[in-house]
Structures are given as C-alpha cells and as structure tokens.
Amino acid sequence: MPLTAIQDYFTGDHAICYGCGSDNAHGLQVRTYWDGQYGTFHFSPQDYHTAFPGVVYGGLIASLFDCHCIGTAVAAAYEKEGRPPGSDPLIMYVTANLNVNYLRPTPMGSELMLKSHIIEQKGKKTVVACTLSADDTPCANATVVGIRAT
Ligand SMILES: CCCCC/C=C\C/C=C\C/C=C\C/C=C\CCCC(=O)SCCNC(=O)CCNC(=O)[C@H](O)C(C)(C)COP(=O)(O)OP(=O)(O)OC[C@H]1O[C@@H](n2cnc3c(N)ncnc32)[C@H](O)[C@@H]1OP(=O)(O)O
C-alpha cells in the first residue's frame, strides 16, 4: 500500500473538490490508496452523517464511492502509462455514471472500508467497481464510469 493517496498529488483547482479536495475544509477528504490491484479508503462517519438512528446517510455513501472510484481510475491510468502518480501532465477523470446498490443499513459507529478495482480501461473510459463494508460486512456496492477529462 502506498503512503501517499492519489488525491494528495492534486493541487490548485484540482484540490477543491467537495469529495476529495485537500483544500476544501468542508469536504469529505476521500483518500485513495492504490496498490496496483485495489484502491482502499477508510472513513469514520460522524454523528451528522446520520439518516436514521444508527444508520449512515445513503447520499454520503454515494459521495464516498464517487471520489474513491474516480481516484482509483486516475491512479490506475498513471500506472497504465508507466508514469509516477501525480506527474505532469495531470491525469483527471470526471464521473459520467454512478450506480449504487444499498445492500443493508450501514451502521453508525463503525469504520467503513471501501475497496475498489478496475473493471475496464478502454480509451478515455474507465469502469470501476467498489464495495463498502462495515465490520467486514458488505453494506453497499457501486459501479462508476469515469471519463478522462485531462
Ligand atoms: C464536468 C467536467 C469539466 C472538466 C473537468 C476538468 C478538470 C477537472 C478539474 C478538477 C477536478 C479535480 C478533482 C476532482 C476529483 C474527482 C471528481 C469527483 C467526480 C465528480 O464529481 S465529476 C463532476 C460530475 N460529473 C460531470 O459533471 C460530468 C458531466 N458530463 C460530461 O461532461 C460528459 O457527459 C462526459 C465527459 C462525462 C462524457 O462526454 P463525452 O462527450 O466525453 O462522452 P462520449 O460520448 O465521447 O463517450 C465516451 C465513452 O463514455 C461513455 N459514456 C458517456 N457518458 C456516459 C454515461 N453517462 N454513462 C455511461 N457511459 C457513458 C460512452 O458510452 C463512451 O463509451 P465507449 O467509448 O465504450 O463507447
């Protein structure tokens, strides 16, 4: 597992994203650690991330999937080109499609783990799959279609 998340290489206009921008003090600070096969991210929901008593808000979960999967697409694209992550010219993807399945209520009070992998890299399109687990139990999964923007 790398010590630096892919989002930590983003600067300036690329660091303001609500989901993953390091310069966005109100953001979620999603961080994707790509090991060449999987992207991993841990997140601890706060009290204000609640939907129902004891249950994490689903829109938050969608946002975590969104930026973690785009981060996975970016990291995998650097690897495919044989370039160090974050090197210029910067590789960036945007979300074309985000599909979430909520399998069971995601509990508050547990650290969530998101684990992503690449389904397809073809031209400017990358498809990423991801599972969100709490206490080793899958609570939601997602597929994200990312399109290369830069
Ligand atoms: C909005 C982007 C502006 C430019 C951004 C530039 C730099 C970014 C700057 C800062 C960002 C920094 C950090 C951010 C990190 C993470 C961001 C979080 C993610 C987001 O928050 S990001 C915001 C939400 N996001 C949008 O605001 C996108 C709005 N949208 C569009 O800008 C276009 O819609 C676009 C570009 C998506 C596609 O336009 P296009 O013309 O390139 O597409 P095209 O027709 O060529 O299709 C090519 C292949 O994509 C497939 N494809 C296309 N659309 C699809 C869909 N909806 N579902 C499934 N597959 C789809 C086709 O089927 C084909 O696949 P195939 O090749 O296999 O046939």
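Going by the annotation in an unreviewed UniProt entry, the name recorded for the protein chain is Acyl-coenzyme A thioesterase THEM4, with Desulfosarcina widdelii given as the source organism. Looking at the Sequence similarities (unreviewed entry) heading of the UniProt record, one finds this comment for the protein chain: "Belongs to the THEM4/THEM5 thioesterase family."

Details of the confidence of the model for the protein chain
Averaged over all residues, the pLDDT of the protein chain is 98; the fraction at 70 or higher stands at 100%. The least confident element of the protein chain is strand β3 (residues 50–52), whose mean pLDDT is 97; the most confident is strand β7 (residues 125–134), at 99. With pTM at 0.96, the complex prediction returns an ipTM value of 0.92.

What to know about the sheet that holds strand β6 (residues 112–122)
What holds strands together in a sheet is hydrogen bonding between their backbones, with the strands either parallel or antiparallel. What the six strands build is an open sheet, ordered β1-β2-β6-β7-β8-β5; its pairing is antiparallel. Taken across any chain shown, the strands that pair with only one partner, and hence form the sheet edges, are β1 (33–34) and β5 (93–102). Here five bridges tie strand β2 (residues 39–43) to β6, and the two strands are oriented antiparallel to one another. If you follow phenylalanine 43 over to β6, its bridge partner there is leucine 112. Along the sheet face, helix α1 (residues 58–81) touches β1, β2, β5, β6, β7 and β8 (137–148) and points at about 130° away from the line of β5.

About the thresholds
- Residues numbered from 1 in each chain as written.
- Predicted model: local features only at pLDDT ≥ 70, side-chain atom pairs only at ≥ 80, totals over all residues.
- Heavy atoms only, no water.
- UniProt positions renumbered as here; feature names shortened; annotations may be inferred.
- pLDDT = per-residue confidence, 0-100.
- Helix = DSSP H or I, 4+ residues; strand = E, 2+ residues; numbered from the N terminus.
- Pairing = 2+ DSSP bridges.
- Contact = heavy atoms within 4.5 Å.
- Axes fitted to C-alpha atoms, helices over the stretch in contact; angles between N-to-C directions.

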